[in-house]
Every structure is written in structure tokens, then in C-alpha cells.
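Residue strings, one per chain:
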Amino acid sequence: MPKYYEDKEEDGQACGGVREDLRQCLLESPCVLRENKSPKQCLREGHCRSLQMTFFACKRSMLDTRARFRGRKGY
């Protein structure tokens, strides 16, 4: 369950909720905790892939001119 809606103040950035959830997922992953790798290395290895794709879709929707009518992807 995304933690975006649970007691967080609004940061005002686009895709901020997805960014925060991706950050938390990486920091709590076994790759970072047990193997002591950096979050960047774990992201390259494929951890938290679904949140990474959601974040990418949200960022891409910011450049899409149709997003003015449809709204941003993600949450």
C-alpha cells in the first residue's frame, strides 16, 4: 500500500508522492539493508520496478500536452 496518503504534508512537487514511495521502497529493500548496496545500484538491478515505472509514467505525462485535459498519471 502506498504510504503517500498516510500523514504526509504536501511537498508541492509534481509526482512527489510516487517519488517518496519509490525512495522508501528502495531504502527498505533487502538489497540496501542486507547487502549494503546503494539505492541507485538496487534500482538498476530491478528492485521496486512497479514504482519506478509509475514514476516514469508520471514524469512523462508532465511533458505530454494531452495531460492538461487528462491529468497526470500516477498519484
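Per an unreviewed UniProt entry, the chain carries the name Cytochrome c oxidase assembly factor 5 and comes from Corythaeola cristata. Under the Sequence similarities (unreviewed entry) heading, UniProt states for the chain: "Belongs to the PET191 family." Per UniProt, the comment on the chain under Function (unreviewed entry) is "Involved in an early step of the mitochondrial complex IV assembly process."

Draft legend 1. Structural view of the state of the cysteines. Applying the stated criterion across every chain, the model contains three disulfides. For C15, the disulfide goes to C58, at an S-S distance of 1.9 Å. A torsion of -95° about the S-S bond marks the disulfide between C15 and C58 as left-handed. Of this pair, C15 sits in the segment before helix 1 (16-27) while C58 sits in helix 4 (residues 49-63); the two residues are 43 residues apart in sequence, bridging distant segments of the chain. Take C15 and C58: they sit in the same class, and that class is buried. Shown here is the disulfide that connects C31 with C42, its sulfur atoms set 2.0 Å apart.

Analysis parameters
- Residues numbered from 1 in each chain as written.
- Predicted model: local features only at pLDDT ≥ 70, side-chain atom pairs only at ≥ 80, totals over all residues.
- Heavy atoms only, no water.
- UniProt positions renumbered as here; feature names shortened; annotations may be inferred.
- Disulfide = S-S within 2.5 Å.
- Helix = DSSP H or I, 4+ residues; strand = E, 2+ residues; numbered from the N terminus.
- Buried < 20%, exposed > 50% of the residue type's maximum accessible area, 1.4 Å probe, protein only.

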